[in-house]
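Below, each chain spelled out in residue letters.
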Amino acid sequence: MANEMWGGRFSTGPDALMEEINASIDFDKRLAVQDIAASKAHCEMLAARGIISEQDAARIIDGLSAIASEIESGAFTFSRALEDIHMNVEARLAELIGDAAGRLHTARSRNDQVATDFRLYVRDAIDHIRGQIRSLMLSLAEKAERFADVIMPGFTHLQVAQPVTFGHHLLAWVEMLARDDGRFADARERLNESPLGAAALAGTSFPIDREMTARALGFNGPMRNSLDAVSDRDFVLETLAAAAICATHLSRVAEELVIWTTPQFDFIRLSDKFTTGSSIMPQKRNPDAAELMRAKSGRVIGALVTLLVVMKGLPLAYAKDMQEDKEPAFEALDTLSLTLEVMRGMIADMEPNAQAMRAAAAAGFSTATDLADWLVRALGMPFRKAHHVTGRLVALAENRGCDLPDLTLDDMRSVEPAISEDVYSVLGVENSVASRASHGGTAPDNVRAMARDWIERLKSAA
């Protein structure tokens, strides 16, 4: 038996295998809210333009509202034989209101219908994710203000480089997330055009008002080319690219949390809420939530690659390949949303071990750069010479088994006779971080000011 929605050209129904590969209702039923909203906007426009009667429009709107209630309550029965969310809704509408349901599809196609629904869905997902990103940023900024004075080592190559503050490190994460928020905002702005009314690919001969449906659905306006309107999936690609970068940032943060919770570092404590134990080793506290974040970033990155591969060889306009855009997008956006929420919970509960952090910051000759800078400022030495002198002093301290502040003045003068007692004023880690007061530097006053600025901006935006 042919499909009643499109089967006029066909004498028999599809093979069971064809139905299996062709049906998308198992996943695109998530578009139900958006599909009904777009159908209502289309129906109201058709009536306003005199394309269908006001009576039929009223019946259609009432029927769509009833279907929305059925779906929300779980009473709606989805049929794989009807392929997708659009045909499931239309078939149920026909059961509820009869022939008037058939007028709803006037001047549209499933091609512009799905493009509209998916844009609405992705737009909603972006708004939700941006809220989560900002909530995480606020949690980090509040922690940064609280721990602006806690000294820790800054690393390059995962080797101790210079002292920084814990608050400064947290604000680095805030900056990363702020760029993620900006990328999602940019993606939202570009996607916010309506494909509805492009029909299958060439537009329609009916006197529709695409501006009206665009406004009704919150779009900035209609897309300007009907071919592009039904074939474009840049809006998903761009959103997934933003999601992949954000997931990568979260993975980098998670990696640092994993390292910092090891006994060798012991920089932070994570609560029982986001750690697990071992089935055999009773002493273990494993940062499993952070480890899972690292892995889940691969799923988000994979979704982007999947859709890039789907789209790379498609001619205009619509092709059934594009049905494969939704599952990876749904999974990626769900995964990112979950990861952001877990990270926010971990950060809220995280406490630094200030003593361990400071001890690590004071080791590894972390104030060597401060010494070199002092040689430049106090002795007028060219920086390259100061770098060489400092390197010799580091080697001397290493041979003596001590750190730079532990060298005597005579030890230092054996390398550079002009060094004075004042050199010790720059060698302590507290002095080091306090001196880094340049814009964006780690000085505690800088950190407090920047954290407060972020807190005010985020609360104002919320």
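Shown above is the structure to which this text applies.
Given the structure is predicted, the values throughout are model-derived calculations rather than measurements.

## Quick look at a nonpolar patch on the surface
Point 1. Side chains of L201, L227 and L316 sit close together on the surface and give an oily, nonpolar patch of about 270 Å² of accessible area.
Point 2. Topologically, L316 is positioned in the loop between α11 (288-311) and α12 (326-349).
Point 3. Judged by its relative accessible area of 65%, L316 falls in the exposed class.

## Observations concerning the pattern of salt bridges
Point 1. Under the criterion given, the structure shown has 30 salt bridges.
Point 2. A salt bridge links R285 to D272, with the shortest nitrogen-to-oxygen separation between them at 2.6 Å. Here R285 is found in the loop between β3 (268-269) and α11, whereas its partner D272 is found in the loop between β3 and α11, with 13 residues between them in sequence.
Point 3. Overall, the relative accessible area of 47% leaves R285 in the partly exposed class.
Point 4. For D272, a relative accessible area of 59% corresponds to the exposed category.

## Observations concerning the environment of E211
Point 1. Its location among the elements puts E211 in helix α8 (residues 210-216).
Point 2. C-alpha of E211 to C-alpha of P222: the two residues are eleven residues apart in sequence and 6.1 Å apart in space.
Point 3. Excluding anything up to four places from it in sequence, E211 contacts G221 and P222.

## Re the packing of aromatic side chains
Point 1. Inspection of the entire model under this criterion finds ten aromatic pairs.
Point 2. Between F118 and F330, the ring centres sit 6.0 Å apart and the planes meet at 80°, which makes this aromatic pair edge-to-face. Of this pair, F118 sits in helix α6 (residues 110-146) while F330 sits in helix α12, and the two are 212 residues apart along the sequence. Taken as a pair, F118 and F330 share a single burial class, namely buried.
Point 3. A ring pair is formed by F155 and F265, whose centres lie 6.0 Å apart and whose planes are at 55°; its orientation type is tilted. Taken as a pair, F155 in strand β1 (residues 151-156) and F265 in the loop between α10 (234-260) and β3 lie far apart in primary sequence, 110 residues in all.

The rules we used
- Residues numbered from 1 in each chain as written.
- Predicted model: local features only at pLDDT ≥ 70, side-chain atom pairs only at ≥ 80, totals over all residues.
- Heavy atoms only, no water.
- Patch = residues over 30% accessible without salt bridge, like charges linked within 9 Å, V, L, I, M, F, W, Y side chains within 5 Å.
- Areas by Shrake-Rupley, 256 points an atom, 1.4 Å probe, with all protein chains shown as cover.
- Salt bridge = Lys/Arg side-chain N within 4 Å of Asp/Glu carboxyl O.
- Helix = DSSP H or I, 4+ residues; strand = E, 2+ residues; numbered from the N terminus.
- Buried < 20%, exposed > 50% of the residue type's maximum accessible area, 1.4 Å probe, protein only.
- Contact = heavy atoms within 4.5 Å.
- Phe/Tyr/Trp six-rings, centres within 6.5 Å; stacked < 30°, edge-to-face > 60°.

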